[in-house]
Amino acid sequence: MSSSVSLTASRRGLLFLVLGAVLLLVIGGGLWYARTQTSGKEAAGHTANDGSEVGVMLDLADRAYREQRLVSPVGSNVYEFYFSVLQLDPNDAIAQKRLREAFKPACDVVESTINGGGLDEAQRELSLLRQYDPHNYKLALLGSVLDAQRVIERRKHEAEAARIQAQQAGGN
């Protein structure tokens, strides 16, 4: 009889051990699930139109992106809006992703502005992009092209001034 009592107590101990392990697994799984749901919400961050300041800025930036206002006009472009988002929430994944996506097209806009002769505007646009990535090789190249265009413009002005001066000297 003593062996049957010992066997029953052993089975009861094993049963409690198994139930305890199952209970720990259920509780641990519930905690893990709750944590992943919470961190998923934090990772998603704000969204456009969520009513927050960040949401409002994201909405403005998204609208500017759709309208291809990448680096201009001043105060109403993709880069300035997303920079504002990052000032409010430096870890905002949406703003960081969209700035990366807009970089090459924005560089193309700067190049077009340079080629169109808008050198002061191109300087402003280039400065804006340098805030995003100050060491980017494409921006260094655009800066060199801008500098070269300024030299060409200065030489044209000097030649025009010399022509006017010669004309005035010949007319007197």
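Being a predicted model, the structure only gives us computed values, none of them experimental.

Section: the packing of helix H2 (residues 53–66) against helix H3 (residues 78–88)
It is at 8 Å that the axes of H2 and H3 come closest, and there the two elements cross at 160 degrees. By the angle between their axes, H2 is roughly antiparallel relative to H3. In this structure, H2 meets H3 at a crossing whose hand is left-handed. Here Glu53, Val54, Met57, Leu58, Leu60, Ala61, Asp62, Ala64 and Tyr65 of H2 come into contact with H3, specifically with Val78, Phe81, Tyr82, Ser84, Val85 and Leu88. Of the residues assigned to the contact of H2 with H3, the class counts are twelve nonpolar, one polar and two charged.

Quick look at the pattern of salt bridges
Taken as a whole and judged by the stated rule, the model has eleven salt bridges. Salt-bridge contacts for aspartate 62 lead to arginine 98; the nearest nitrogen and oxygen are separated by 2.5 Å. Separated by 36 residues along the polypeptide, aspartate 62 in helix H2 and arginine 98 in helix H4 (residues 93–115) bring together distant segments of the chain. On the basis of relative accessibility, which here comes to 16%, the residue aspartate 62 falls in the buried class. Its relative accessible area of 25% is what places arginine 98 among the partly exposed residues. For lysine 138, the salt bridge is made with glutamate 111, and the minimal N-O distance between the two is 4.0 Å. Of this pair, lysine 138 sits in helix H6 (residues 137–171) while glutamate 111 sits in helix H4; the two residues are 27 residues apart in sequence, bridging distant segments of the chain. Its relative accessible area of 33% is what places glutamate 111 among the partly exposed residues. Within the structure, one salt-bridge network assembled from shared partners comprises Glu80, Glu121 and Arg124.

Thresholds, definitions, all that
Residues numbered from 1 in each chain as written. Predicted model: local features only at pLDDT ≥ 70, side-chain atom pairs only at ≥ 80, totals over all residues. Heavy atoms only, no water. Axes fitted to C-alpha atoms, helices over the stretch in contact; angles between N-to-C directions. Helix = DSSP H or I, 4+ residues; strand = E, 2+ residues; numbered from the N terminus. Parallel < 35°, antiparallel > 145°, perpendicular 65-115°, else oblique. Left-handed = near helix turned anticlockwise from the far one by under 90°. Contact = heavy atoms within 4.5 Å. Nonpolar A, V, L, I, M, F, W, Y, C, P; charged D, E, K, R; others polar. Salt bridge = Lys/Arg side-chain N within 4 Å of Asp/Glu carboxyl O. Buried < 20%, exposed > 50% of the residue type's maximum accessible area, 1.4 Å probe, protein only.

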